[in-house]
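# Notes for the structure review
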Amino acid sequence: ATLIHELTHYLYIKENCSADLKRYKDLESFSMAAIQDQGEEVDAFLTEFSARIRIEHSRMGVPYMFREDFTDSGQFLGTRKEVARILMTTPAYKDQFSQRFDMCRAWVKKTQTTPAH
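Keep in mind that what you see is a predicted model, and the values were worked out from it rather than measured.

### Section: the overall build of the chain
Of regular secondary structure, the chain possesses six helices and zero strands. Structurally, the chain occupies a C-alpha span of about 55 × 25 × 20 Å along its principal axes. Summarising the internal contacts of the chain: among those between residues at least 6 apart in sequence, 63% fall at separations of at least 24. Accessible area of the chain: about 7800 Å², with a carbon and sulfur share of 55%. Between the centroid of the 16 positive side chains of the chain and the centroid of its 17 negative side chains there is a distance of 5 Å.

Dropping the structure here:
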């Protein structure tokens with residue numbers, strides 16, 4: 001199931017800093033949107049948990065805070081926003097998206113000030 005998590009990132013993630021950062025009022029709003037983007041952590045965990053339930057025929061391998069959001073067949077019934085909120089309480093994800101926010105701001109600034117060839 002961990003392999004499925006990582007394959008989700010590989011197959012679907014779109015690294016793109018060209019999005020208009022002005023639409024985010026702050027780091028928190030950027031992080032909450034980014035973690036829910038296609039192929040990001042919310043997708044990867046939901047795919048992993050669903051696969052784990054199907055493989056193990058049980059929800060016991062899913063972390064307790066998400067267990068009730070899945071059916072016994074692995075269908076997710078919760079909300080992506082709530083999964084994102086829980087994941088963003090983890091320091092590693094806070095750091096990851098803070099770094100990405102800074103990187104995107106720097107990239108946007110550079111592309112706006114560098115003349116096209």
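### Focus on helix α2 (residues 27–35)
Among the residues of α2, Phe-30, Ser-31, Met-32, Ala-34 and Ile-35 are the ones counted as buried. For α2, the secondary structure elements touched by its buried residues are α3 (41–56), α5 (80–87) and α6 (91–113). Between a side-chain oxygen at the N-terminus of α2 and the backbone nitrogen of Glu-28 the separation is 3.3 Å; the capping residue is Asp-26.

### Re the packing of α3 against α5
It is the contact of α3 with α5, at a shortest axis distance of 10 Å, that shows an interaxial angle of 105°. Considering the angle they form, α3 stands roughly perpendicular to α5. Side by side, α3 and α5 meet where Glu-41, Val-42, Asp-43, Phe-45 and Leu-46 of the first sit next to Arg-80, Val-83, Ala-84 and Leu-87 of the second. Of the residues belonging to the contact of α3 with α5, the class tally is six nonpolar, no polar and three charged.

### Comments concerning the pattern of salt bridges
Applying the stated criterion to the full structure yields seven salt bridges. With a shortest N-O distance of 3.1 Å, Arg-52 and Glu-48 are connected by a salt bridge. Note that Arg-52 and Glu-48 are positioned in helix α3 at a spacing of four residues, about one turn of the helix. Its salt-bridge partner being Glu-82, residue Arg-85 comes within 2.6 Å of it at the nearest N-O pair. With Arg-85 and Glu-82 both in helix α5, this residue pair falls three residues apart, about one helical turn. Classification of Arg-85 as partly exposed rests on a relative accessible area of 42%. By relative accessible area, Glu-82 is classed as partly exposed at 32%. Bridged by salt links that share partners, the residues Glu-48, Arg-52 and Glu-56 form one connected network.

### Here's the deal with the packing of aromatic side chains
For the structure shown, the criterion picks out seven aromatic pairs. Ring centres 5.5 Å apart and planes at 40° place the aromatic pair Phe-45 and Phe-49 in the tilted group. On the criterion of helical spacing, the pair formed by Phe-45 and Phe-49 is a turn pair, its members being four residues apart in helix α3. Assigned by exposure class, Phe-45 and Phe-49 land together as buried.

### Here's the deal with unusual backbone geometry
Within the chain, His-57 stands out as a residue other than glycine whose phi angle is a positive 55°. Locating His-57 in the fold gives a position in the loop between α3 and α4 (64–67). The exposed category is assigned to His-57, whose relative accessible area is 70%.

Rules used in this analysis
Residues numbered from 1 in each chain as written. Predicted model: local features only at pLDDT ≥ 70, side-chain atom pairs only at ≥ 80, totals over all residues. Heavy atoms only, no water. Helix = DSSP H or I, 4+ residues; strand = E, 2+ residues; numbered from the N terminus. Contact = heavy atoms within 4.5 Å. Areas by Shrake-Rupley, 256 points an atom, 1.4 Å probe, with all protein chains shown as cover. Lys, Arg positive; Asp, Glu negative; His and termini not counted. Charge placed at Lys NZ, Arg CZ, Asp CG, Glu CD. Buried < 20%, exposed > 50% of the residue type's maximum accessible area, 1.4 Å probe, protein only. Polar contact = N/O pair within 3.5 Å; in protein donor to acceptor, adjacent residues only side chain to side chain. Axes fitted to C-alpha atoms, helices over the stretch in contact; angles between N-to-C directions. Parallel < 35°, antiparallel > 145°, perpendicular 65-115°, else oblique. Nonpolar A, V, L, I, M, F, W, Y, C, P; charged D, E, K, R; others polar. Salt bridge = Lys/Arg side-chain N within 4 Å of Asp/Glu carboxyl O. Phe/Tyr/Trp six-rings, centres within 6.5 Å; stacked < 30°, edge-to-face > 60°.

Take it as geometry only, folks, not as evidence of what the structure does.
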